[in-house]
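Residue-level structural notes
One letter stands for each residue in the lines below.
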Amino acid sequence: MQYILEDQIALITGGSQGLGKQFAQKYYQETINSKIIIVSRSEPKLRSAVADIIMTSTQRKKEEAALQNDEQEVALLAETRTDIDPIIIDEHTLHSTIADHRLFYMPCDLSDYSAVANMFQTLTMVNMLPTQVLSCAGGSTPKLFKDLSGAELESGVRMNYLTALYLSHQVARNIPSCHLILFSSVTAFFPFIGYSQYAPLKVSLKALAGILRHELPQARVSCVFPGNFQSEGFELEEVSKPDITRSIEGPSYPISCEECCDKIVWWLEMGYDDITTDFIGWFLMSLDMGLNKHNNNSFLWFLQVIVGALTNVIIVPIYMVICSIQISMWHRRQSHEE
Ligand SMILES: NC(=O)C1=CN([C@@H]2O[C@H](COP(=O)(O)OP(=O)(O)OC[C@H]3O[C@@H](n4cnc5c(N)ncnc54)[C@H](OP(=O)(O)O)[C@@H]3O)[C@@H](O)[C@H]2O)C=CC1
Ligand SMILES: CCCCCCCCCCCCCCCC(=O)[C@@H](N)CO
């Protein structure tokens, strides 16, 4: 199954901000026929994301037309209304409304199974079952395990795992030949201090992707393992992130949301299904090949097998010693400060 942006119905969860919104922007801006549905919990955030996406892409198209001296296009775009009321999809949305527009929103708490099932019922009713599903919702609160509240622990499981789990289940039942794209993290290859509320769930997504590849032969299941990128969620993360976490993840320099989205699209178009967004991500994936990965759908996988085998034998043991010294020194400094 080829990945193309055009002529799709793309359902994007976590579409109200960050990477999900960036994907919605890309589909909206770069296609003529694709329909895009963004999903998240907050209706106000979704509505302002829709308005923002329409405004930004019209602005960009104007700039492009002006650059190319395309006067006809400039005049056409000047008349384009950007103040359209954002359109919700629910059981009352008319077929004609859907035919006339390309960008829609659906508020849904994806960690609630019946809400996700209802969403798919509505999509079936209005004839808008997606051809591509991007499960972008997720986020982390980096803290030491003992400092996390019960609510934060629960929200980690809900946001990162249940959202993707329930969505995938509806995909399997309703649209078995769909392209499902799960968003894990580089922490799935190397879970480390500070990410207890998050990394275990991203590891679970990697496992889920492997199993779904076995069980859904008609589907294409991709799994993205991004390194750091700047988003609303990332800014928030930085506030609670322990120093030691920041220093271990140093090699993953945060890229922009736009760069991250463009890279992922490029790899998907190239036909890869295990995707990283920076070199350190590709390298850490190589340390985790074996039976964990089920399929070799990543860039230069054979080189990864060799690099991984050699590094696991020679360099990883040394790194692990250095890493534990770094962590125990940090613990000692912490207890001195207290
Ligand atoms: N930023 C980074 O450095 C990295 C991020 N990732 C992963 O990439 C993905 C995108 O990250 P990023 O753009 O930073 O995310 P953000 O934190 O900026 O946005 C998260 C989105 O998820 C939505 N969301 C959260 N919970 C639910 C829920 N229960 N139901 C429906 N929607 C929900 C939020 O909307 P609302 O509040 O309206 O529900 C919001 O739109 C995430 O899965 C993240 O874990 C992976 C590696 C690095
Ligand atoms: C031989 C061994 C060498 C080991 C080098 C170790 C380098 C670790 C880089 C880890 C990067 C983690 C990015 C997390 C992104 C993320 O998911 C968060 N932003 C949460 O959203």
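Refer to the preceding data block for the structure.
Residues numbered from 1 in each chain as written. Chains lettered and ligands numbered in written order. Predicted model: local features only at pLDDT ≥ 70, side-chain atom pairs only at ≥ 80, totals over all residues. Heavy atoms only, no water.

1. Quick notes on the sheet that holds strand β6 (residues 179–183)
The strand order across the open sheet built from eight strands is β3-β4-β2-β1-β5-β6-β7-β10, with neighbouring strands paired in parallel fashion. A single partner strand is all that each edge strand has here, and the edge strands are β3 (87–88) and β10 (274–276). With two bridges joining them, β3 and strand β4 (residues 103–107) adopt parallel strand pairing. Along β4, the bridge assignment pairs Ile88 with Tyr105. (Pairing = 2+ DSSP bridges. Helix = DSSP H or I, 4+ residues; strand = E, 2+ residues; numbered from the N terminus.)

2. Observations regarding the state of the cysteines
Counted according to the given criterion, the structure contains zero disulfides. Free cysteine Cys178: the closest other cysteine sulfur is in Cys136, separated by 15 Å. In this structure Cys178 comes out as buried when scored by relative accessible area, which is 2%. Cys257 provides the cysteine sulfur closest to Cys260, a residue in no disulfide bond, and the two sulfurs are 6.7 Å apart. (Disulfide = S-S within 2.5 Å. Buried < 20%, exposed > 50% of the residue type's maximum accessible area, 1.4 Å probe, protein only.)

3. Here we look at the packing of aromatic side chains
The final tally for this structure, using the stated rule, is 14 aromatic pairs. When the ring of Phe190 is compared with that of Tyr319, the centres are 6.1 Å apart and the planes differ by 75°; the resulting orientation is edge-to-face. Here Phe190 is found in the loop between β6 and α7 (199–215), whereas its partner Tyr319 is found in helix α13 (residues 316–337), with 129 residues between them in sequence. Judged by its relative accessible area of 16%, Phe190 falls in the buried class. Consider the rings of Phe279 and Phe283, whose centres lie 6.2 Å apart with planes at 20°: the pair is stacked. Of this pair, Phe279 and Phe283 both sit in helix α11 (residues 279–286), four residues apart, which is roughly one turn of that helix. Residue Phe279 is classed as exposed on the basis of its relative accessible area of 61%. (Phe/Tyr/Trp six-rings, centres within 6.5 Å; stacked < 30°, edge-to-face > 60°.)

What is shown is where atoms sit, not what they do.
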